[in-house]
Amino acid sequence: MPHGPLRRSDLMEVDRARLAAPMQFDPIYLIIGAAVFVLLVVGFLFWKRGDPDDTVAIPRRPRSRISGLGGALRNAWGSGMGKGDWDSIEEVLLGADVGVVATTAVIEGVRRQGPETYEGAIELLGAGLKSQFETADRSLSLAASPAVILVVGVNGAGKTTTIAKLAHRFLHEGRSVVLGAGDTFRAAAADQLVTWGDRLDVRVVRGNEGADPGSVVFDTLAAARAAGADVVLIDTAGRLHGKKNLMAELEKIHRVASGGGEVAEVLLVLDATAGQNGLVQVREFATSVPLSGVVLTKLDGTARGGIVVAVEKELGVPVKFVGLGEAMEDLEVFDPNRFVDELLEQS
């Protein structure tokens, strides 16, 4: 290239020469590019690993199946525990349907001991609630052959489902079962019991819609004795406890069921969400038939399960089973200590 100032033609000649020459790559750029690619791949893999659809859920601590009162009690707890705070705690317990008698006894007992912390108060409240339960026999009397169990209660309390759960329990204990569709007022009720009988593979005795319930009970007992069954579970109409004629019909059913021997159990199925109306139901049914126990249902969806305390404290009828869900296994023998512990949880 000549010396002197660069001309435009000279620059164009240089550019043409560069374009004509083969391209040269600096190795350092190849290394950097490869490193960036590797980092992108690794980042993508970690992102996919964290994708919720590709991970196994970490098991959480199971929640109490009985809605706890601990949170409400903590909100009612004041720093100095004055009269207003005790009134608030009393309102919480009454709102949970613990009942006036049991609530008053428990609150007075805790106040006398003067707890200084929330934890101490909860511990004393738990002990006080547990003391309200009698040492009742919560087992079922099944010595008779067959053992007759009459199941009563209002519409919607869960009688038919409870009967199915009890039958399932007896079958797993190796006992044979016969079901009696004593609710002849509604064909749907008998149909539902037949459906459960088919699922459990147990015999169901039913009559025509509107038939005499006493005759269905009589036929059920005859079939059970002929088959050598161990247990007879008899469903009844969901009677309104205020209807005297229907309660009289229930008395007749009990007399017929007792004709072949003593009725082993009369279980009242009680909806936990019924509140203080549940106490009225227990009182009314107890005037017509000798209640031997209560089955409390729908306890998994309510914080008002304190009705258990009221039933035992004020009426002296033991709670024998609690329903905690829809599955056949979700019928458990009532444990007062466990019940109170779960009732006072903060969940």
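Structure report, in brief. Small disclaimer: the values here were computed from a predicted structure and weren't measured.

## A few points about the sheet that holds strand E5 (residues 265–271)
In step 1: Here eight strands make up an open sheet; going across it, the order is E3-E2-E4-E1-E5-E6-E7-E8 and the pairing mixed. Both outer strands of the open sheet, strand E3 (203–205) and strand E8 (331–333), are each paired with one neighbouring strand and no more. Strand-to-strand twist across the sheet, computed as the mean angle between neighbouring axes with direction ignored, equals 25 degrees.
In step 2: Both E5 and strand E6 (residues 293–297) contribute to a ladder of five bridges, which runs parallel. Bridging across to E6, Val269 finds its partner in Val295.
In step 3: Sheet strands touched by helix H7 (residues 159–172): strand E1 (147–152), strand E2 (177–181), strand E4 (231–235), E5, E6, strand E7 (319–323) and E8. Its angle to E4, the strand with the most contacts, is close to 170 degrees.

## What about the pairing of E4?
In step 1: The buried fraction of E4 amounts to five of the five residues, a majority that puts the element mostly inside the structure.
In step 2: Neither face of E4 is exposed, since Val231, Leu233 and Asp235 on one face and Val232 and Ile234 on the opposite face are all buried.
In step 3: Direction of pairing for E1 relative to E4: parallel, over a ladder of four bridges. Considered in E4, the bridge of Leu150 is made with Ile234.
In step 4: Pairing of E2 with E4 involves five bridges; the strand directions are parallel. Bridging across to E4, Leu179 finds its partner in Leu233.

## What about the packing of aromatic side chains?
In step 1: Scanning all chains against the criterion turns up three aromatic pairs.
In step 2: Taking 5.6 Å as the distance between ring centres and 55 degrees as the angle between the ring planes, the aromatic pair formed by Phe133 and Phe334 counts as tilted. In this pair, Phe133 sits in the loop between helix H6 (118–130) and E1 while Phe334 sits in the loop between E8 and helix H13 (336–343), placing the two residues 201 residues apart along the sequence.
In step 3: According to the relative accessible area criterion, Phe133 is buried, its value standing at 9%.
In step 4: For Phe334, a relative accessible area of 4% corresponds to the buried category.
In step 5: The cationic tip of Arg199 hangs over the ring face of Trp196; the distance from NZ or CZ to the ring centre is 4.8 Å.

## Some words on the packing of helix H5 (residues 100–113) against helix H12 (residues 307–315)
In step 1: Running from amino to carboxyl end, H5 crosses H12 at an angle of 95 degrees, the nearest separation of the two axes being 8 Å. Considered as vectors, H5 and H12 are oriented roughly perpendicular to each other. Between H5 and H12, the contacting residues are Val100, Val101 and Ala102 on the first element and Val309, Lys313 and Glu314 on the second.
In step 2: Each residue belonging to the contact of H5 with H12 can be placed in one class, and the counts come to four nonpolar, no polar and two charged.

## With respect to the side chain of Arg138
In step 1: Examined against the element boundaries, Arg138 turns out to sit in the loop between H6 and E1.
In step 2: Among the polar contacts listed, one links the side chain of Arg138 to the backbone oxygen of Val319, at a separation of 2.8 Å.
In step 3: For Arg138, the contacting residues outside a window of four places in its chain are Phe133, Glu312, Pro318, Val319, Lys320, Phe334 and Pro336.

## A look at unusual backbone geometry
In step 1: Geometrically, the link from Ser145 to Pro146 is a cis peptide bond, its omega value of 0 degrees lying close to zero.
In step 2: Note that Pro146 resides in the loop between H6 and E1.
In step 3: The phi dihedral of Asp201 falls on the positive side, at around 60 degrees, and the residue is not glycine.
In step 4: Structurally, Asp201 can be placed in the loop between helix H8 (187–200) and E3.
In step 5: Its relative accessible area of 70% is what places Asp201 among the exposed residues.

So, how was this worked out
- Residues numbered from 1 in each chain as written.
- Predicted model: local features only at pLDDT ≥ 70, side-chain atom pairs only at ≥ 80, totals over all residues.
- Heavy atoms only, no water.
- Pairing = 2+ DSSP bridges.
- Helix = DSSP H or I, 4+ residues; strand = E, 2+ residues; numbered from the N terminus.
- Axes fitted to C-alpha atoms, helices over the stretch in contact; angles between N-to-C directions.
- Contact = heavy atoms within 4.5 Å.
- Buried < 20%, exposed > 50% of the residue type's maximum accessible area, 1.4 Å probe, protein only.
- Phe/Tyr/Trp six-rings, centres within 6.5 Å; stacked < 30°, edge-to-face > 60°.
- Lys NZ or Arg CZ within 6 Å of the ring centre and 35° of its normal.
- Parallel < 35°, antiparallel > 145°, perpendicular 65-115°, else oblique.
- Nonpolar A, V, L, I, M, F, W, Y, C, P; charged D, E, K, R; others polar.
- Polar contact = N/O pair within 3.5 Å; in protein donor to acceptor, adjacent residues only side chain to side chain.

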